[in-house]
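# Close look at the chain arrangement
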Amino acid sequence: MEVRVVNVRKEFERFPALHDVSLDIRSGELIALLGPSGSGKTTLLRLIAGLERPTKGAIFFGEEDASQKSIQERNVGFVFQHYALFRHMTVADNIGFGLKVRHGAARPSAQEIRRRASELLDLVQLSGLEKRYPAQLSGGQRQRVALARAMAIEPKVLLLDEPFGALDAQVRRELRRWLREIHDATGHTTVFVTHDQEEALELADRVVVMSQGRIEQVGSADEIYDIPNSPFVYNFVGESSSLPVKVEDGQLWIADRPIGLSAPQGAPSGQALLYFRPHDVELLDGCSGCIAGTVAASRRVAGTRRVELEVGGERQRVEIELPVDHPAAQKSRVAFRPRRWKLFPAS
Amino acid sequence: MNTAPAKAGWRFRQPSVIPGFGLTLGFSLAYLTLIILIPLSGLVWRSAALGWTDFWAIAADRRTLNALKISFGAAFIAAAVNVVFGTIVAWVLVRYRFPGRRIADAMVDLPFALPTAVAGIALTTLYAPNGWIGHLLMPLGIKVAYTPLGIVIALVFIGLPFVVRTVQPIMEEIDKEVEEAAASLGANRFQIITRVLFPGLAPAIVTGFSLAFARGVGEYGSVIFIAGNLPFKSEIAPLLIVIRLEEYNYAAATAIAAIMLALSFLMLLVINLVQSWSRKRYG
């Protein structure tokens, strides 16, 4: 099922949580809403589910306007951050709940419900736990039951709110791979919320980066990582370094020295901020048209060395990565030029 | 897999890392003995002095039987009424924010604090045939004061806080997400309440019921004013005990008391068993 969010605005008691957000989710896609807390990602998910109503704008399921439909009518599978299992019901009863509350002819027979429940338990690799109560399960197992329960109603869309947030790192990685497999096997359109960039980039077909109630960028992991379109995305996803520069005569300058990068078409002259990835730099020997600085601090990070350079007369600090065997020591001079970079107006 | 079956038999719970298990257990037992067990065994002792035939004659006496029936019956009905309305009151206090909520919340405790005689006199004044409420009910043919119905009303008043105060904290703990999960699975409001919320509250409601019931069985002060105290009709067992005491018939008084004790203990035991069963299931 294709989901379209069109110019949605949501206010909580006059406080805007989402400003004019639009998003197209393709059928069968696995999409991540990524952002820091307070960015509106959970609000957007709850709006799609129908747990909240938009203040303005509309949400379409396929061609149908679902904005004013209740959550019961929307037929979405929602997995809550803390699972929200019914603790007085067995695992099988939890999974069968959505079928049991249907009315009349839509309700399958008790036998059929049991069969579906055990089928779904097989899918989430928990066969044999039908009779357990949620209190008797581990966190990872509860998460799987919650997902099986959401899938039991054959939802049009599967929505997951921080699905792995409450689990430890090991289980998280396992479940991540497992969710991807389930998604590929069932083909549900799936939206999940996360604040973990690694999770979003690894798992999702497309990532929606959000900040302060707005969508900053939508794209594949490669696009988000390699071509960030705002300083926020640069900072939030992966490592980034930035330097204040000056645009003049189609060139970028630090103080009165050109750094060997030509300004993009249409960049206005004046102050600007240069963003790049610390590892995506070219080290240079001589310096005619480069950024040069003295090493102020140096740290070993896994397979590389991260050095902080003081650049220019104003001693702007900037971080880059060097090979471990690079001879640069304290106070020595290092010259480099970013390979991939982007210019943003100085704020 | 080859696991040895758990060792059968009864034993002390393993002492925890917190020291003082022996001391605290000893203290608890000594305290309970001093405060509850000794007075109660004195009661049983006194009534045992009667001998079986005399005891049975008092127990099977029509006046005693009627008084017991009224006491336990009225307490049961009142506790049942309190379960329904107490749960609703707790729901409103927990779920809604309205002006005066704190005052309403505080008001629930009034029956705890009020001297029961004051409550009895106030209720009698209201429900007497010429009282504010009584004169409205009179034309409908409903007589409240000086009838068993009056006893029920007094016990409803006395028992309300027990239900509200046991259900309220459990209700506050209900996770909003659980309701939303049920809604997302297609359950309507009624199904959410009956299938998801109520089963979670049931143990607390049973506790509230048993507390209100136990209190109602033993209630004396408020009831004697409104009941009218007609033998065979609206005479409660505690009052009959007092009457026997005033006749210096200590043996009969203790006999009735012993019967009340046994019945109450039995009912509370059953309620406790129901509770531990449900707790085991739902963790």
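Residues numbered from 1 in each chain as written. Chains lettered and ligands numbered in written order. Predicted model: local features only at pLDDT ≥ 70, side-chain atom pairs only at ≥ 80, totals over all residues. Heavy atoms only, no water.

Our focus in this paragraph is the overall build of chain A. Regarding its fold elements, chain A presents nine helices and 20 strands. For chain A, the C-alpha atoms occupy an extent of roughly 80 × 45 × 35 Å along the three principal directions. Out of the 347 residues belonging to chain A, those deemed buried represent 49%. Long-range pairs, those at least 24 residues apart, make up 66% of the contacts in chain A with a sequence separation of at least 6. Accessible surface for chain A amounts to roughly 16100 Å². Of this, 46% is attributable to carbon and sulfur atoms. (Helix = DSSP H or I, 4+ residues; strand = E, 2+ residues; numbered from the N terminus. Buried < 20%, exposed > 50% of the residue type's maximum accessible area, 1.4 Å probe, protein only. Contact = heavy atoms within 4.5 Å. Areas by Shrake-Rupley, 256 points an atom, 1.4 Å probe, with all protein chains shown as cover.)

Further remarks concern the sheet that holds strand 11 (residues 241-248) of chain A. Residues and elements named next belong to chain A. If you trace the five strands from one edge of the open sheet to the other, you get 13-12-11-14-20, paired in antiparallel fashion. Pairing within the sheet leaves two strands with one partner each, and these edge strands are strand 13 (257-262) and strand 20 (341-345). Within this sheet the neighbouring strands show an average axis-to-axis angle of 40 degrees, counted without direction. Judged from the five bridges that link them, strand 14 (residues 270-276) and strand 20 form a sheet pairing that is antiparallel. Paired with Ala272 across the two strands is Pro345, which belongs to strand 20. (Pairing = 2+ DSSP bridges. Axes fitted to C-alpha atoms, helices over the stretch in contact; angles between N-to-C directions.)

All names here are of chain A. Evaluated as defined, the whole model comprises 35 salt bridges over all chains. In this structure, the salt-bridge partner of Arg116 is Glu154, at a minimum N-O distance of 3.4 Å. Placement of Arg116 in helix 4 (residues 110-123) and of Glu154 in the loop between helix 5 (139-151) and strand 7 (157-161) is noted, with a sequence separation of 38 residues between them. Judged by its relative accessible area of 52%, Glu154 is exposed. Asp280 is the partner of Arg340 in a salt bridge, and the nearest nitrogen-oxygen pair spans 3.4 Å. Here Arg340 is found in the loop between strand 19 (333-338) and strand 20, whereas its partner Asp280 is found in the loop between strand 14 and strand 15 (281-284), with 60 residues between them in sequence. (Salt bridge = Lys/Arg side-chain N within 4 Å of Asp/Glu carboxyl O.)

Looking now at the domain arrangement of chain B. Residues and elements named next belong to chain B. Taken domain by domain, chain B holds domain 1 (20-49) and domain 2 (51-282). One C-alpha centre belongs to domain 1, the other to domain 2, and the line joining them spans 27 Å. In this assembly, seven residues from domain 1 lie in contact with eight residues from domain 2. Carbon and sulfur atoms supply 71% of the area that domain 1 and domain 2 bury against each other, a total of about 590 Å² over both sides. Considering only the side of domain 1, the residues that lose the most area to domain 2 are Leu43, Arg46 and Ser47, jointly responsible for 73% of the buried surface there. There are zero salt bridges connecting domain 1 and domain 2. Our count for the contact surface shared by domain 1 and domain 2 stands at one residue pair in polar contact (both at pLDDT 80 or more). Class assignment for the residues of the side of domain 1 that touches domain 2 results in five nonpolar, one polar and one charged. (Domains from an automatic or database assignment. Buried area = accessible area lost by both parts, 1.4 Å probe. Polar contact = N/O pair within 3.5 Å; in protein donor to acceptor, adjacent residues only side chain to side chain. Nonpolar A, V, L, I, M, F, W, Y, C, P; charged D, E, K, R; others polar.)

This next bit is on the pairing of strand 2 (residues 15-25) of chain A. Residue and element names in this part refer to chain A. Of the pairings in the sheet, the one linking strand 1 (residues 3-12) to strand 2 comprises seven bridges and is antiparallel in character. Residue pairing in the sheet places Arg4 in a bridge with Asp24 of strand 2. Between strand 1 and strand 2, which pair antiparallel in sequence order, lie two residues; one of them, Glu13, sits at a positive phi of approximately 50 degrees.

Now for the interface of chain B and chain A. Where interface size is given, it is often the accessible area lost as the parts come together that is meant. Contact residues are listed per partner, giving 19 residues for chain B and 25 residues for chain A. Together, the buried faces of chain B and chain A total about 2000 Å²; carbon and sulfur atoms form 58% of this surface. The largest contributions to the chain B side of the interface with chain A come from B:Glu177, B:Ser184 and B:Leu185, which together make up 31% of the buried area. Inspection of the region where chain B meets chain A yields one salt bridge. Linking chain B with chain A are four residue pairs in polar contact (both at pLDDT 80 or more). Put simply, the parts of the chain that give the side of chain B that touches chain A at least two residues each are helix 9 (176-184), helix 10 (189-218) and helix 13 (250-282) of chain B. Looking at the side of chain B that touches chain A, the element that brings in the most residues is helix 9 of chain B, giving seven residues. Looking at the side of chain B that touches chain A, its residues break down into nine nonpolar, six polar and four charged.

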